[in-house]
Amino acid sequence: MILQDHFRGIAPKISEKKLPKSFGTISENVVMRGGKLRPLRGILDVANVSNAPAMKSLIFRKEDGSWLYSQDMRHYVRSFLPGDQLGFLYYTDQVKPSFVINGSGAPQDLGIPRPGLVVLNVMDSGDTEDPNNTRRSAYKVVWVDGYGRVGPPSEVVVENTEVGPGAIIQVTRPAPPTGNFNGNGAQWYIYRTNTGSNGSTDYQFVSAVPLATTTFTDNVEPEALNEVIESDAWIGPPDALDGLILGPADSLFGFTENEVFASEKLIPHAWPYSWGFQQTIRGLAHVNGGVFVATDGAPFIIAGSEPANMEKINIESSSACLSSRSLVDMGQAAIYASTNGLYGASGSSVVNLTDELFDEESWKAYQPETIRAFKHGKYYVGFYGDTDSNTGFIFDPGTKDFMTINGPRPTVGTYDPDSDETHVLYYDGSDLRHGKFDEGSPLSYRWKGGLQVLPDFTSFVCCRVEADSYPVHLELTGDSETLSLTISDDDLFMLPGDFEAKRWTYQVSGEAEVDFIGLFETLSEVV
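## What about the nonpolar core?
Turning to step 1, where the next piece is worked out: Counting 42 residues, the largest nonpolar core has Leu37, Phe437, Leu474, Val508 and Val514 as the members making the most contacts within it.
Turning to step 2, where the next piece is worked out: Considering every element that reaches this core, the biggest residue donor is strand 44 (residues 500-510), with four residues.
Turning to step 3, where the next piece is worked out: The contacts of Val514, once residues within four sequence positions are left out, are Phe7, Lys36, Leu37, Tyr445, Val465, Glu466, Ala467, Val472 and Val508.

Pasting the structure below:
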């Protein structure tokens, strides 16, 4: 008697003779749920995007439910600022970190530029008779765009003469900012040094001036100055920034080839923090304990609760990330492709999730350096080879089930947690289309068990297949002879009496969900 009442994925590193009974040698276009064999569904078509300009290689859902496609490889982060009524949408593309409002309109630079030097002209020195009540102040200015985002300060300019109470200084702003800067309602803020009773000197707020106004007459007395400047370190991100993610404390993170950068918490245009690496960075993911950094060598975690107190920690592992597009944030952990399998990263630990399934040689068949992956509910879905290839796999990190995919041709995908749907761009012939993954018609699947070697020559008299629907196709191979059966219901199916062998395998195929396969030597064994 052979009973198959629990189905799992494949384990190529294990020979078919030693394969545990629940594992398969073929597990194609199936998804396992509680040990049940369920067909993977095809892609449900949503739209044709072939003729849309610059909409080829990335898909992202905006707050209003509509979708963005991009010809460039971009990484998006939706609005996360409390009370944001404008719908900021941030992205990196290795050209210029940018944002758009409500997911549309012209892109604007994420960072605020540093101003040039102000020009000071002492119009009136005021009362300078008391040398203990004179000053020679230093000035800085900052740009503030039309959204109220405050940038980094200019270099310091110092008054060229001593002044006292009643002084009047004319401050002329530098040339206005260039680039994609929102000047509608923009201002420039003036800060001036002031020394307190404890002897400490700070830059304090003098006035806000409309950007269209080029000069300001400063007659503000020291005791009337306001808050201390906050934006001394609020430089913008580098132009080549890539891999944008939302990290701890609602801070943005991104990277260049050998450096990771982070913004101030809740201030996405200010990027004062960075950590350097000798390795080439492949990608970032927000995990338990901080931000995971995948590289072409050892992995790292930038650990901590917010950028100001985070530190770079080398994770003791040699698991290099072979493909930047294989790195997927799965929630509390991240998964990526390395030389000998799929690795999971959480906190300061990295483990080989497929160690029991693959060795380095068997893993090479999946061309890990080409894997492009995405999250699909609890599953990690990867496709490999060029974009014309329809070869892929689906991996359950909880059960460690690994199943292959043959049919759909997604180029990129994204999981939408709000709808619990996975949206993909895929090819239908030469047409590039937008669809929902695993939402279409059931795909035709195959699942083949391992080799069952019995102690004696055995003849099975009947079989039974329990499924949600029929027909189900069953191929029963004894030694070198194969019997092909079409099962139409859950009744017993009698087998030829002269079909006798010691080495048995069986393969089930179709589109029906299967719970159970039984091969019986006598009718008394039937369950």
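## Some words on the packing of aromatic side chains
Aromatic ring pairs are defined here through the distance separating the ring centres and the angle between the ring planes.
Turning to step 1, where the next piece is worked out: Going through the model one piece at a time under the given rule, you end up with 31 aromatic pairs.
Turning to step 2, where the next piece is worked out: Plain terms: the ring middles of Phe7 and Trp447 are 4.9 Å apart, the flat faces sit at 85° to each other, and that makes the pair edge-to-face. Within this pair, whereas Phe7 is found in the loop between strand 1 (2-4) and strand 2 (24-28), its partner Trp447 is found in strand 38 (residues 445-449), the two being separated by 440 residues in sequence.
Turning to step 3, where the next piece is worked out: Take Phe7: its relative accessible area is 0%, and that puts it in the buried class.
Turning to step 4, where the next piece is worked out: Ring geometry for Phe374 against Phe437: centres 5.5 Å apart, planes inclined by 80°, an arrangement best described as edge-to-face. With Phe374 in strand 31 (residues 372-376) and Phe437 in the loop between strand 37 (431-436) and strand 38, this pair connects stretches of sequence that are 63 residues apart. The two residues Phe374 and Phe437 agree in class, both being buried.
Turning to step 5, where the next piece is worked out: Ring-pair connections join several aromatic residues into one group, and the members of that group are Phe358, Trp363, Tyr366, Tyr380, Tyr384, Phe393, Phe395 and Phe402.
Turning to step 6, where the next piece is worked out: The aromatic ring of Tyr203 is capped on one face by Lys140, whose charged end is 4.4 Å from the ring centroid.
Turning to step 7, where the next piece is worked out: One residue, Lys312, lies across the ring of Phe277, its end atom 4.6 Å from the ring centre.

## Describing the pairing of strand 3 (residues 30-33)
Turning to step 1, where the next piece is worked out: Pairing between strand 3 and strand 4 (residues 36-39): four bridges, direction antiparallel. Residue pairing for strand 4: Arg33 is matched across the bridge by Lys36.

## Things to note about the pairing of strand 35 (residues 410-416)
Turning to step 1, where the next piece is worked out: Most of strand 35 is tucked away: five of the seven residues are buried.
Turning to step 2, where the next piece is worked out: Two successive antiparallel strands, strand 35 and strand 36 (residues 421-428), enclose a turn made up of four residues, where Asp420 displays a positive phi of approximately 55°.

## Details of the sheet that holds strand 11 (residues 104-109)
Turning to step 1, where the next piece is worked out: One open sheet accounts for four strands, arranged 8-9-10-11; its pairing is antiparallel. This sheet does not close on itself; its edge strands, each paired only once, are strand 8 (75-77) and strand 11. Shown here is a sheet whose adjacent strand axes are inclined to one another by a mean of 30°, direction ignored.

## A closer look at the sheet that holds strand 23 (residues 281-287)
Turning to step 1, where the next piece is worked out: Spatial strand order, 23-24-25-26: four strands in an open sheet with antiparallel pairing. Two strands bound the open sheet, and with one partner strand each, they are strand 23 and strand 26 (311-314). Between one strand axis and the next, the sheet turns by 25° as a mean value, whatever way the strands run.
Turning to step 2, where the next piece is worked out: As judged from the six bridges shared by strand 23 and strand 24 (residues 290-295), these two strands associate in the antiparallel manner. Bridge assignment links Ala285 to a residue of strand 24, and that residue is Phe292.

Conventions adopted
Residues numbered from 1 in each chain as written. Predicted model: local features only at pLDDT ≥ 70, side-chain atom pairs only at ≥ 80, totals over all residues. Heavy atoms only, no water. Core = buried A, V, L, I, M, F, W, Y, C linked by side-chain atoms within 4.5 Å. Buried < 20%, exposed > 50% of the residue type's maximum accessible area, 1.4 Å probe, protein only. Helix = DSSP H or I, 4+ residues; strand = E, 2+ residues; numbered from the N terminus. Contact = heavy atoms within 4.5 Å. Phe/Tyr/Trp six-rings, centres within 6.5 Å; stacked < 30°, edge-to-face > 60°. Lys NZ or Arg CZ within 6 Å of the ring centre and 35° of its normal. Pairing = 2+ DSSP bridges. Axes fitted to C-alpha atoms, helices over the stretch in contact; angles between N-to-C directions.

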